[in-house]
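Listed below, chain by chain, are the residues.
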Amino acid sequence: MSRAQLTRTGILRMALGGGGADPLLPAEGGGGRRAPFLLRALRIAVVVCLYWFTSIAMVFLNKYLLDSPSLRLDAPLFVTFFQCALTAALCLGLSLGAACGPPCAGLPTLRLDPKVSRSVLPLSAVFIGMVTSNNLCLKHVGVAFYNVGRSLTTVFNVLLSYLLLKQTTSLYALLACGVIIGGFWLGVDQEGAEGTLSWTGICFGILASLCVSLNAIYTKKVLPVVDGSIWRLTFYNNINACVLFFPLMVLLGEFRTLYHFDKLGSPSFWGMMTLGGVFGFAIGYVTGLQIKFTSPLTHNVSGTAKACAQTVLAVIYFEETKSFLWWTSNLMVLGGSFAYTWVKGLEMRKVQEDPNVKSGERNETGV
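Residues numbered from 1 in each chain as written. Predicted model: local features only at pLDDT ≥ 70, side-chain atom pairs only at ≥ 80, totals over all residues. Heavy atoms only, no water.

The subject of this paragraph is the overall build of the protein chain. Check the secondary structure of the protein chain and you find 14 helices and zero strands. Sorting the 367 residues of the protein chain into buried and exposed places 48% on the buried side. Only carbon and sulfur atoms are counted for the fraction: they give 66% of the accessible area of the protein chain, which is about 18000 Å². (Helix = DSSP H or I, 4+ residues; strand = E, 2+ residues; numbered from the N terminus. Buried < 20%, exposed > 50% of the residue type's maximum accessible area, 1.4 Å probe, protein only. Areas by Shrake-Rupley, 256 points an atom, 1.4 Å probe, with all protein chains shown as cover.)

It is worth spelling out the packing of helix α4 (residues 114-140) against helix α8 (residues 199-222) at this point. Two measures define how a pair of helices packs: the angle their axes make with one another and the distance between the axes. Running from N to C, α4 and α8 point in directions that differ by 155°, and their axes come no closer than 7 Å. Relative to α8, the element α4 is oriented roughly antiparallel. Read as a crossing pair, α4 and α8 show a hand that is left-handed. Counted by class, the contact of α4 with α8 contains 16 nonpolar, ten polar and no charged residues. (Axes fitted to C-alpha atoms, helices over the stretch in contact; angles between N-to-C directions. Parallel < 35°, antiparallel > 145°, perpendicular 65-115°, else oblique. Left-handed = near helix turned anticlockwise from the far one by under 90°. Nonpolar A, V, L, I, M, F, W, Y, C, P; charged D, E, K, R; others polar.)

So, about the packing of helix α2 (residues 37-67) against helix α12 (residues 296-317). One way to put it is that α2 packs onto α12 with a least axis distance of 10 Å and a crossing angle of 45°. The orientation of α2 with respect to α12, classified from their angle, is oblique. In this structure, the crossing between α2 and α12 has a hand that is right-handed. Here Val48, Tyr51, Trp52, Ser55, Ile56, Val59 and Phe60 of α2 lie close against α12, whose contacting residues are His299, Ser302, Gly303, Ala305, Lys306, Ala309, Gln310, Leu313, Ala314 and Tyr317. Class assignment of the residues belonging to the contact of α2 with α12 gives a composition of eleven nonpolar, five polar and one charged. (Contact = heavy atoms within 4.5 Å.)

Summarising the model, the protein chain shows a mean pLDDT of 83, and 84% of its residues fall at 70 or more. Predicted confidence is poor over residues 1-32, with pLDDT under 50, and the contacts of this stretch with residues over four places away or in other chains come to 81 contacts. In this model residues 358-367 is a low-confidence stretch, pLDDT under 50, and it forms ten contacts with partners more than four residues away in sequence or in other chains. (pLDDT = per-residue confidence, 0-100.)

As a rule of thumb, nonpolar side chains are buried together in soluble globular proteins. Counting 51 residues, the largest nonpolar core has Leu73, Phe78, Phe145, Phe245, Phe269 and Met273 as its most contacted members. Considering each element in turn, this core owes the most residues, seven residues, to helix α3 (residues 76-96). The contact partners of phenylalanine 78, leaving out residues within four places of it in the chain, are Met249, Glu254, Leu258, Phe269, Trp270 and Met273. In terms of nonpolar packing, the next biggest core, distinct from the first, is built from 15 residues, Leu110, Leu123, Val226 and Tyr236 among them. (Core = buried A, V, L, I, M, F, W, Y, C linked by side-chain atoms within 4.5 Å.)

A cluster of nonpolar side chains, contributed by Leu159, Tyr162, Leu163, Leu164 and Leu165, occupies part of the molecular surface with about 490 Å² of accessible area. Counting through the fold element by element, leucine 164 comes out in helix α6 (residues 153-165). (Patch = residues over 30% accessible without salt bridge, like charges linked within 9 Å, V, L, I, M, F, W, Y side chains within 5 Å. Salt bridge = Lys/Arg side-chain N within 4 Å of Asp/Glu carboxyl O.)

Now for the packing of aromatic side chains. In this structure the tally under the stated criterion is 15 aromatic pairs. Arranged with centres 5.3 Å apart and planes meeting at 80°, the rings of phenylalanine 81 and phenylalanine 246 form a pair that is edge-to-face. With a gap of 165 residues between them, phenylalanine 81 in helix α3 and phenylalanine 246 in helix α9 (residues 230-251) connect regions that are remote in the sequence. When its relative accessible area of 15% is taken as the criterion, phenylalanine 81 is described as buried. Their ring planes at 65° and their centres at 5.1 Å tell us that phenylalanine 261 and phenylalanine 269 sit as a pair that is edge-to-face. A relative accessible area of 8% means that phenylalanine 261 is categorised as buried. Put simply, the rings of Phe78, Phe82, Phe261, Phe269 and Trp270 pair up and form one aromatic cluster. (Phe/Tyr/Trp six-rings, centres within 6.5 Å; stacked < 30°, edge-to-face > 60°.)

The residue arginine 72 is not glycine, and still its phi comes out positive at about 55°. Residue placement: arginine 72 occurs in the loop between α2 and α3. The class for arginine 72 is exposed, based on a relative accessible area of 56%. Look at aspartate 227: it is not a glycine, yet its phi comes out positive at around 60°. Take aspartate 227: it is sitting in the loop between α8 and α9.

Okay, the UniProt feature "transmembrane region" (unreviewed entry) in the protein chain next. The UniProt entry lists residues 41-65, 77-99, 120-138, 144-164, 171-187, 199-218, 230-249 and 269-289 under the feature "transmembrane region" (unreviewed entry), expressed in the numbering used here. As annotated, residues 144-164 comprises 86% helix and 0% strand, and the C-alpha atoms at either end are separated by 33 Å. Note that residues 230-249 is 100% helix and 0% strand, and that its end C-alpha atoms are spaced 28 Å apart. (UniProt positions renumbered as here; feature names shortened; annotations may be inferred.)

Turning next to the pattern of salt bridges. Summed over the entire model, instances satisfying the criterion amount to eight salt bridges. With a closest N to O distance of 3.4 Å, glutamate 194 and lysine 322 form a salt bridge. Separated by 128 residues along the polypeptide, glutamate 194 in the loop between α7 (171-193) and α8 and lysine 322 in the loop between α12 and α13 (324-353) bring together distant segments of the chain. Judged by its relative accessible area of 16%, lysine 322 falls in the buried class. The residue lysine 263 makes a salt bridge to aspartate 262 at a minimum N-O spacing of 3.8 Å. Under the relative-accessibility criterion, lysine 263 is labelled partly exposed at 25%. You can call aspartate 262 exposed: its relative accessible area is 54%.

Time to look at the side chain of serine 151. Inspection of the secondary structure puts serine 151 in the loop between α5 (143-149) and α6. If we skip the residues at most four places from it in the chain, serine 151 touches Ile180, Phe184, Ser209 and Val333.

In structure tokens form, the structure reads like this:
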């Protein structure tokens with residue numbers, strides 16, 4: 001989600017799975033009559049389309065900002081820093097707009113507390129690793145291969161669940177992970193055969209997959225510090241990230257790069273930067289909408305289908321020609337991800353329906 005997408009997506013997914021109601025999301029029926037079927041179906045279709053559009057547009061925009069031959073801006077940390085700063089500003093703006101009434105009336109008041117900021121700092125470090133490695137992966141690989149390049153998140157979820165939480169995984173789920181790993185290695189092999197392989201991009205993709213898994217774990221750990229508020233957590237996380245990015249940009253000489261950048265005063269450049277930041281912020285919100293109006297299982301299936309559509313669009317847009325085995329690697333990754341989602345969904349349903357399972361175990365499985 002890579003947000004960087006990643007980012008707000010993981011926080012919202014955690015909060016919507018086990019926290020209070022999101023003040024920006026429409027309230028559900030609450031005891032009233034359910035909406036007519038056609039109205040509900042139309043609403044779900046609109047939300048899913050909105051999620052697809054936002055997610056795909058964000059990837060293409062970030063690819064342009066990070067690796068466009070016409071832009072020639074070699075400052076990936078600055079692009080990520082700007083998106084974090086814009087996200088923090090949007091959170092603060094929405095909070096200030098709470099006095100204006102719906103739909104912002106339920107937003108918490110945001111104020112910077114140094115003590116809370118220090119408590120969120122470990123998550124912010126993981127967050128920086130996640131969004132930076134995602135963007136660097138996208139910079140060095142094509143959009144078509146981006147999904148495969150950072151496809152090991154599910155595998156790291158299983159590995160970290162065992163190492164950190166001592167949770168075992170079923171045989172069918174492990175087989176699905178095996179298919180994902182096989183698709184990943186086949187994709188790497190085919191990218192090498194076509195002469196487009198970037199080992200730098202592959203390494204950043206693996207690191208991004210690891211950081212996405214760690215981000216979910218640390219998010220769950222840090223949420224109580226901000227009273228379970230995803231908006232406070234997003235605000236503090238991005239404020240911390242902005243502060244931590246400064247020494248990194250100095251160390252890597254990105255301020256010197258910006259000084260010599262010929263489009264620094266271009267309104268179109270800043271317009272694209274702002275648009276990319278807005279899409280990066282919006283992905284968390286539309287992810288929350290999709291989970292709310294469908295289910296976490298449906299959201300994951302929708303995300304898998306979106307990744308497939310994104311790959312096809314990238315191949316068409318960039319006029320690329322891919323081999324049969326290259327497409328096979330993508331299908332293996334997507335098929336393995338879908339199978340894992342389906343297996344875990346069935347296991348969660350079985351646990352929730354079993355009256356002999358303790359409440360704590362039921363919650364742990366859900367997370």
